Amino acid sequence: MSDRAYYVTTPIYYINSVPHIGHAYTSIAADVLARYARTRGQAFLLTGTDEHGQKVANAAAEAGVSPQAWTDRMAATWQSLCRRYEISYDDFIRTTEERHQSVCVEVFERLKVSGDIYVGKYEGWYCTYDETFWLESKLVDGRCPECRRDVQWLSEDNWFFALSRYRDRLLEHYRTHPDFVRPQRAYNEMLATLEGGLDDLCISRTNLDWGVPLPGGGVMYVWLDALLNYITAIGWSRDEERFRRYWPADVHLIGKEIARFHTIIWPAVLWALGLPEPKSIFAHGWLTIEGEKISKSRGNVFDPFATADFFGADTVRYFLLREAPFGADFSWSDEKVRQRRNSDLGNDLGNLLRRSLTMLQRYRDGIVPPVAGASFGERFGDLGERTAGRIVELDFRGALAEIWELVSALNRAIDEQKPWRLYEQGAQHELDALLYTLCEGLRWLGHLLAPFIPAKAAEIHQQLGVGDELGRNWNEALRWGDLTAGQQTRGGEPLFPRLLD
Ligand SMILES: [Zn+2]
């Protein structure tokens, strides 16, 4: 038995502002992977907050508090967002923590020794507010094209990472590992970037205080500091045994706007440190609101806490993963969420549970009848494997579609076999077979849906009276006929009460 753990990460979230629903989206996807992986062995889900840089310092100044006070407050908000959406993280790293900063300094020292960083001239038109250098040609009326503030000519000595040195190795890696970056569109874009050539990367800042202080002055460039979280959190250079259990990461989940940092700069930094690259990086699409990209300035950043309060965290989780393929852009609309909630979750799943347990109560005093009839077991015998295959491919929508085939088949069995008629006709064996099939199918649905809608999956098992079996091994739990006859079911409240317009 290997002690390797499945290691999945979210980006660490930049806390110059409050979270929106797009942040919850990435974390939910990572959570599905981790919850599934835990049914097969060990898993480790890492998330956290990216707390350095000029924009965080600006946000703190505007709020009239110190950067540390600001980040403390914001990190707490992000942690409560995770709790609200049932994100089962194993660690939450903050880049202002000592355990992170001290390792960043060590990375810097090692890169100095290996000769992968050097001192060079860093110059250009600089916007202090956005912490960005601009080409003369990009300026708008001589001002920053982003915030329209004044820019200044800056020329300073800084540390550079010799990224260009790794271009050939990156190209080779892309050619030999076509799954390194997914989906295909992101892979193609990053490959084109590589083919276009790479500049070395400036990795220090001398005109900024709010960052990891470097020996000899200045702070580390916030992006390098941020990327390093993936190895500082799991004990690189501090606890080698622990580190080897997790690294290389199985998958980094990211938004496509930060693909260049993760798929080009990050593997090169790891190689410079003598470490293997992550196994894969998946850049998901953008979530838009009624067709518009989420942005603070457009005023369409809605509060993910209020959204969870209104629809329920499980409904939001289901909608986000069911509505579109994980790699694609798609649009949030309250109306579409309401439809998914009322049809898929309410009518299909919720009513299946309610109808099944009501009939079981009426005809068999709520007690699971003897095992009879194997047709569903034969038909859906490989459903667990098929669903698992989709999950590890990050095809969450496909996984849910597979699961819904079972939901539909069970509902159809009720409609076609009409248990009330079987009861009137005294067809006891047929009625037992149908009721058992419904209960066993629901037990399966609890397991299959646990990674996606954990609280409701647990509720299904509670109502079935098998409340303690969710931690079971995926393959062992998904054996048809495992539900014990004589089990007393409990019933309960509707799983997804109808949401009115
Ligand atoms: Zn600016």
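I will try to describe carefully the structure that is included in this document.

What counts, and at which threshold
Per-chain numbering applies: the sequence of each chain, read as written, is numbered from 1 onward. Owing to the predicted nature of the model, reporting of local features is limited to residues with pLDDT of at least 70; listing and counting of side-chain atom pairs is limited to 80 or more, with chain, interface and lining totals taken over all residues. Computation of side-chain values covers all heavy atoms of the structure but excludes hydrogens and water. Per the convention used, a helix needs a DSSP run of H or I reaching at least four residues, while a strand needs a run of E reaching at least two, with both numbered from the N terminus. Residue burial is assigned from relative accessible area. The probe radius is 1.4 Å, only protein chains are included, and a residue is buried under 20% of its type maximum, exposed over 50%, and partly exposed in between. Contacts were defined at the residue level, with two residues in contact if any of their heavy atoms lie within 4.5 Å. A 1.4 Å probe and the Shrake-Rupley method give the accessible areas. Residues count as covered only by the protein chains that appear here. Positive charges come from Lys and Arg, negative ones from Asp and Glu, while His and the chain ends are left out of the count. Lysine's charge is taken at NZ, arginine's at CZ, aspartate's at CG and glutamate's at CD. What makes a salt bridge here is a side-chain nitrogen of Lys or Arg within 4 Å of a carboxyl oxygen of Asp or Glu, nothing more. Definitions used for this entry: grid spacing 1 Å over protein atoms alone; cavity, a set of points where a 1.4 Å probe fits but cannot get out; pocket, an open set with protein on both sides within 12 Å along at least 5 of 7 lines; lining residue, one with an atom within 4 Å of a point. Grid points are joined across faces, edges and corners, and a volume is the space filled by probe spheres set on the points. Three categories are distinguished: nonpolar for Ala, Val, Leu, Ile, Met, Phe, Trp, Tyr, Cys and Pro, charged for Asp, Glu, Lys and Arg, and polar for the others, with Gly belonging to the last. Only rings of Phe, Tyr and Trp enter the pairing, Trp through its six-membered ring, and a pair is recorded when the two centres are within 6.5 Å. The plane angle decides the type: under 30 degrees is stacked, over 60 is edge-to-face, the rest tilted. Angular values range over 0 to 180 degrees, each being the angle between N-to-C directions of two axes fitted as lines to C-alpha atoms, with helices fitted over their stretch in contact. Geometric relationships in this document are graded by angle, where less than 35 degrees denotes roughly parallel, more than 145 denotes roughly antiparallel, 65 to 115 denotes roughly perpendicular, and other angles denote oblique. For any helix crossing, the convention is left-handed if the near helix is rotated counterclockwise from the far helix by under a right angle, and right-handed if that rotation is clockwise.

It is worth spelling out the overall build of the protein at this point. When helices and strands are counted, the protein shows 20 helices and 16 strands. For the protein, the C-alpha atoms occupy an extent of roughly 90 × 50 × 40 Å along the three principal directions. Here the protein holds 501 residues, and 57% of them are scored as buried. In the protein, of all internal contacts separated by at least 6 residues, the share reaching a separation of at least 24 is 77%. As displayed, the protein offers around 20800 Å² of accessible surface, 48% of which is attributable to carbon and sulfur atoms. Across the protein, the centroid of the 57 positively charged side chains sits 3 Å from that of the 70 negatively charged ones.

All right, on to the pattern of salt bridges then. Scanning all chains against the criterion turns up 34 salt bridges. A salt bridge links Arg4 to Asp250; the nearest nitrogen and oxygen atoms lie 3.3 Å apart. Of this pair, Arg4 sits in the segment before strand S1 (6-9) while Asp250 sits in the loop between helix H9 (240-246) and strand S12 (251-255), and the two are 246 residues apart along the sequence. We classify Arg4 as partly exposed; its relative accessible area is 28%. On the basis of relative accessible area, Asp250 is assigned to the buried category, the value being 15%. Here the salt bridges share partners, and the residues they tie into one network are Arg322, Glu323, Lys336, Arg340 and Asp344.

Counted under the stated rule, the structure contains 1 cavity of 30 Å³ or more. Counted as a void, the largest cavity has a volume near 30 Å³. Lining the largest cavity, in full, are Tyr13, His23, Ser27, Trp78, Leu81 and Cys82. Broken down by secondary-structure element, the contributors of at least two residues to the lining of the largest cavity are helix H1 (21-38) and helix H3 (67-84). Ranked by residues supplied to the lining of the largest cavity, first place goes to H3 with 3 residues. Tallied by class, residues from the lining of the largest cavity come to 4 nonpolar, 2 polar and no charged.

In this section: the packing of aromatic side chains. Any pair of aromatic rings gets described here by the distance separating the centres and the angle formed by the planes. Taken as a whole and assessed by the stated rule, the structure comprises 34 aromatic pairs. For the ring pair Phe108 and Trp159, a centre distance of 5.3 Å and an interplane angle of 85° mean the geometry is edge-to-face. Residue Phe108 is located in helix H4 (residues 98-114), and its partner Trp159 is located in strand S7 (residues 152-161); the two are separated by 51 residues in the primary sequence. A centroid spacing of 5.8 Å and a plane angle of 15° characterise the contact between Tyr118 and Phe160, whose relative ring orientation is stacked.

Further remarks concern the packing of helix H5 (residues 167-176) against helix H10 (residues 259-272). At a minimum axis separation of 10 Å, H5 and H10 run at an interaxial angle of 110°. If you check the angle between H5 and H10, you find them roughly perpendicular. Here H5 runs over H10; the crossing is right-handed. Residue-level contacts link Arg169, Leu170, His173 and Tyr174 of H5 to Thr263, Ile264, Pro267 and Trp271 of H10.

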